[in-house]
Amino acid sequence: MHILIRKFQPSDHEAVRALFRDGIQEHIIPSFTHAISQPLHITVTLCFFTVGYILGGGSVVLALLAGGLWIGLLYYCCYEFYAGYVRLKLNTDMQDIAGFYLSSPDNCFWVAEAEINDQPQIMGIVAVEGKEPPDGGQKCGELFRMSVSSASRHTGLGSQLGQTVVNFCKERGFSKIVLHTSSTQSAAVALYYKMGFKLVQTPEEAEAPWWFLWLVRVSLLRMEKILQPCKDM
Ligand SMILES: CC(C)(COP(=O)(O)OP(=O)(O)OC[C@H]1O[C@@H](n2cnc3c(N)ncnc32)[C@H](O)[C@@H]1OP(=O)(O)O)[C@@H](O)C(=O)NCCC(=O)NCCS
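As the structure is a computational prediction, the values presented were derived from the model and not from experiment. (Residues numbered from 1 in each chain as written. Predicted model: local features only at pLDDT ≥ 70, side-chain atom pairs only at ≥ 80, totals over all residues. Heavy atoms only, no water.)

## Section: the sheet that holds strand 3 (residues 119–131)
Across the sheet, which stays open at both edges, the seven strands sit in the order 1-2-3-4-5-7-6 with mixed pairing between neighbours. The sheet is open, and its two borders are formed by strand 1 (3–7) and strand 6 (198–201), each paired with just one other strand. Adjacent strand axes in the sheet meet at a mean angle of 30° when their direction is disregarded. As judged from the seven bridges shared by strand 5 (residues 176–182) and strand 7 (residues 220–226), these two strands associate in the antiparallel manner. Residue pairing for strand 7: Ser182 is matched across the bridge by Leu220. In the packing of helix 1 (residues 13–25) onto the sheet, contacts are made with strand 2 (108–116), strand 3 and strand 4 (140–148), and the angle to strand 3 comes to roughly 75°. (Pairing = 2+ DSSP bridges. Helix = DSSP H or I, 4+ residues; strand = E, 2+ residues; numbered from the N terminus. Axes fitted to C-alpha atoms, helices over the stretch in contact; angles between N-to-C directions. Contact = heavy atoms within 4.5 Å.)

## Brief notes about unusual backbone geometry
You will see that Asp118, though not glycine, has its phi angle at about 65°, which is positive. Looking at the secondary structure, you find Asp118 in the loop between strand 2 and strand 3. With relative accessibility at 70%, the residue Asp118 sits in the exposed group. A positive phi angle is found at Arg145, which is not glycine, with a value near 60°. For Arg145, the location among the structural elements is in strand 4. In this structure Arg145 comes out as buried when scored by relative accessible area, which is 7%. (Buried < 20%, exposed > 50% of the residue type's maximum accessible area, 1.4 Å probe, protein only.)

## Here's the deal with helix 2 (residues 28–36)
Buried residues of helix 2: Ile28, Ser31, Phe32 and Ala35, and no others. Angularly, the buried residues of helix 2 cover 100° about the axis, an arc narrow enough to put them on a single face. Structurally, helix 2 contributes buried residues whose contacts are with helix 1, helix 3 (39–55), helix 4 (60–90) and helix 8 (210–216). (Arc of directions from axis to C-beta.)

Written out as structure tokens, the structure reads:
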């Protein structure tokens, strides 16, 4: 299948938003199964069942209700962690993609397009925003919105989109590329390591409170790739 990586066009808007939403929200169920299978959360679940049973005077229904409440809370937190992020971003940079990513030469948004049954389809997306470091010095690029449709995974498309960002950042003379992801996004983390990104720290400025992250059992990750300038620059 021939895939063309090109800049975002306004007609891509809905397909791009759907690909972003699906790529993030697919992590809800895996993160819930990960959280619920942690020894601490298994213990808490059993405690809820036991307390419900005792306080309910030996009622199995109340025991199930108490355990179910805890499991429901965990699911809600996992759901909100990803769906809340999607809501926030669909109402900010992903609301006016051209306005946010294509109005400055330091930003860009790309789509990967394939012809399927003679119809062009968006199979992948990625974006970059050029940023001034807080301590001054050379600009860096922040990679955002990496997502590949499930039908096109494991074909090297994620790597091609990543390389597109690397080439752009080198051309702009950026010193490095940074990105934020989460420990549950294991395919993305593996892709970034393969591209030469390194884990630098867990960011302090999480959008969710600490107890929320503790319940979901997820770590936020910041990764960086230092760039060698282009030879002709
Ligand atoms: C992450 C993602 C973009 C990877 O896209 P892809 O097109 O499948 O990636 P590639 O085919 O280029 O794979 C490149 C490397 O990534 C790693 N990788 C990709 N999918 C993987 C998986 N499911 N498990 C482990 N490693 C994986 C491998 O190292 C792979 O190299 P290999 O093929 O030599 O083993 C895709 O899985 C995706 O869209 N995920 C959902 C959205 C998301 O989480 N985005 C990240 C936002 S921070």
